[in-house]
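# A closer look at the structure
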Amino acid sequence: MKERGQAGCLFHFDNVFPKGKSAYGGIDLYQIGEICCECGYEILPHMQYCLELSCIVSGSGFFHVGDDCVKVSAGDIIFNSVGHVHSIQTDESSMLRFVYMGFMFNENADGEFADIRAFLQSAPYYHSKDTYNVMIPFLRNIDEFYSQKPYSRTMIKNYLEEVIVLAYRSFIEKSGKVARYAPERSSHSVGYTVYSVIRYIEHHIFELKSIKTLAEDLGYSYTYLSHTFKDKTGMTLQRYINHKKVEKALEMLKYGNLSIKQVAARLHYETIQSFSKAFSRIMGYPPSVYVAMQKEEAGSE
């Protein structure tokens, strides 16, 4: 990345390789890192020489690809293909923090990643919400480079593949090239209905705002779905959703390096107070206590 000086860049961790790249199975990794920029900061235009995937951790800004200007904000992912002029600019009123990796598929990826490679290279860029929580394995992978623990190469390869596959799922779903799942309405598929709800919540936890929306997307009535779920699991659907949101919050607070406010926003809580209340109801203590516990644990290692 070509930066406009160092002023305005709060921090930049960039892992590059002595030989320009390092192979992890079917993926050649050129660089992986994280950058946080102040308001108005610019990463200068440059030709994209490898595939690049970025995940916006916080803030907002603009990714320029050729003549297109793409507005990005926390919870977005954006992919840039090879051979296009690319630049990044932070919003004038907001800092921008994102993680990124530059990579290419090698000959070992011909079978396993053929469809993904063809899709990613079919357009100058792809932009989507991070519907599959790419950020977590992304940040864990960066941590592997920083910590260099035993079997780091194995973990890095697995995380790289996970990040690419999850990003591909988000992009291809947004493109409409995958048929949306809709189970048949049948009173004889009660067990299947409950499982479809569980899977839906797992895959849409960051988009889920209400049970009504969930029911509409799956093709059931709100009343039927709520009654069936409670009847088969002994737990109300809303309580189950609350548990899954707190479960995801624990993961993000531990591995995502996000503030409590940012996690609350990602999970669609209206206020940090409502998030803290929901968290405390399930965990028995507020998220601030959990964050303090994690810092204490990290300090003792």
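What counts, and at which threshold
Residues numbered from 1 in each chain as written. Predicted model: local features only at pLDDT ≥ 70, side-chain atom pairs only at ≥ 80, totals over all residues. Heavy atoms only, no water. Helix = DSSP H or I, 4+ residues; strand = E, 2+ residues; numbered from the N terminus. Buried < 20%, exposed > 50% of the residue type's maximum accessible area, 1.4 Å probe, protein only. Contact = heavy atoms within 4.5 Å. Areas by Shrake-Rupley, 256 points an atom, 1.4 Å probe, with all protein chains shown as cover. Core = buried A, V, L, I, M, F, W, Y, C linked by side-chain atoms within 4.5 Å. Salt bridge = Lys/Arg side-chain N within 4 Å of Asp/Glu carboxyl O. Phe/Tyr/Trp six-rings, centres within 6.5 Å; stacked < 30°, edge-to-face > 60°. Lys NZ or Arg CZ within 6 Å of the ring centre and 35° of its normal. Polar contact = N/O pair within 3.5 Å; in protein donor to acceptor, adjacent residues only side chain to side chain. Pairing = 2+ DSSP bridges. Expected span 1.5 Å × (residues − 1). Arc of directions from axis to C-beta. Axes fitted to C-alpha atoms, helices over the stretch in contact; angles between N-to-C directions. Parallel < 35°, antiparallel > 145°, perpendicular 65-115°, else oblique. Left-handed = near helix turned anticlockwise from the far one by under 90°.

## Thoughts on the overall build of the protein
Across its full length, the protein holds 10 helices and 10 strands. Evaluated residue by residue, the protein yields a buried proportion of 49% over its 301 residues. Put simply, 71% of the contacts in the protein that link residues at least 6 apart link residues at least 24 apart. Here the protein has roughly 15100 Å² of accessible surface; of this, 52% comes from carbon and sulfur atoms.

## Side note on the nonpolar core
Met101, Phe103, Phe105 and Phe138 are the most contacted members of the largest nonpolar core, which totals 71 residues. By residue number, the principal contributor to this core is helix H3 (residues 152-175), which donates nine residues. The residues touching Met101, leaving out its near neighbours within four places in the chain, are Leu29, Gln31, Ile32, Leu51, Glu52, Leu53, Phe138, Leu160, Val163 and Ile164. Listed in part, the 13 residues of the second largest apolar core include Cys37, Ile56, Ile88 and Phe98.

## What about the pattern of salt bridges?
Inspection of the entire model under this criterion finds nine salt bridges. Across the pair Glu34 and Arg97 runs a salt bridge whose closest N-O atoms are separated by 2.5 Å. Here Glu34 is found in strand S3 (residues 27-37), whereas its partner Arg97 is found in strand S9 (residues 96-105), with 63 residues between them in sequence. In this structure Arg97 comes out as buried when scored by relative accessible area, which is 8%. Between Glu247 and Lys244 there is a salt bridge, with the nearest N and O atoms lying 2.9 Å from each other. Taken together, the residues Glu247 and Lys244, both in helix H7 (residues 237-255) and three residues apart, mark about one turn of the helix. For Glu247, a relative accessible area of 45% corresponds to the partly exposed category. Bridged by salt links that share partners, the residues Arg140, Lys248 and Glu251 form one connected network.

## Things to note about the environment of Ile164
With respect to the helices, strands and loops of the structure, Ile164 is situated in helix H3. Put simply, Ile164 and Leu53 are 111 residues apart on the chain and 8.3 Å apart in space, counted from C-alpha to C-alpha.

## Points about the packing of aromatic side chains
Enumeration over the complete set of coordinates arrives at 15 aromatic pairs. In this structure, Lys245 packs its charged tip against the face of Tyr269, placed 5.1 Å from the ring centre. For Arg266, the ring lying beneath its charged end belongs to Phe206, and the centroid distance is 4.6 Å.

## So, the side chain of Ser152
Considering the arrangement of structural elements, one finds Ser152 in helix H3. A polar contact is formed between the side chain of Ser152 and the backbone oxygen of Lys149, at a distance of 2.7 Å.

## A closer look at the pairing of S3
For S3, the tally of buried residues reaches 11 of 11 residues, placing the bulk of the element in the interior. Bridge count between strand S2 (residues 22-24) and S3: three bridges; the pairing is antiparallel. If you follow Tyr24 over to S3, its bridge partner there is Ile27. Here S2 hands over to S3 after two residues, with Gly25 in that stretch at a positive phi of 65 degrees.

## Brief notes about helix H6 (residues 222-233)
An ideal rise of 1.5 Å per residue puts 16 Å on 12 residues; H6 measures up with 16 Å between its terminal C-alpha atoms. Leu225, Ser226, Thr228 and Phe229 are the residues of H6 that are buried. Along the long axis of H6, the arc covered by the buried residues comes to 170 degrees, so they all point the same way. Turned more than 90 degrees off the buried face of H6, the exposed positions are Thr223, His227 and Asp231. Immediately downstream of H6, the backbone of Gly234 shows phi near 80 degrees, a positive value.

## Notes on helix H5 (residues 211-218)
All of the buried residues along H5 are Ile211, Leu214, Ala215 and Leu218. Within H5, the buried residues cover an arc of 95 degrees as seen down the axis, which keeps them to one side. Residues of H5 that are exposed and point more than 90 degrees away from the buried face comprise Lys212 and Glu216. Following H5 by one or two positions, Gly219 has its phi on the positive side, about 85 degrees.

## A few points about unusual backbone geometry
Of note, the phi angle at Gln148 is positive, near 50 degrees, even though the residue is not glycine. Judged by relative accessible area, Gln148 falls into the exposed class, the value being 53%.

## What about the packing of helix H2 (residues 135-147) against H3?
For the pair H2 and H3, interaxial distance at closest approach is 9 Å and the crossing angle is 155 degrees. The pairing of H2 with H3 is recorded here as roughly antiparallel in orientation. Crossing geometry of H2 relative to H3 is assigned as left-handed. Here H2 contributes Pro137, Phe138, Arg140, Asn141, Glu144 and Phe145 to the contact with H3, which in turn contributes Ser152, Met155, Ile156, Tyr159, Leu160, Glu162, Val163 and Leu166.

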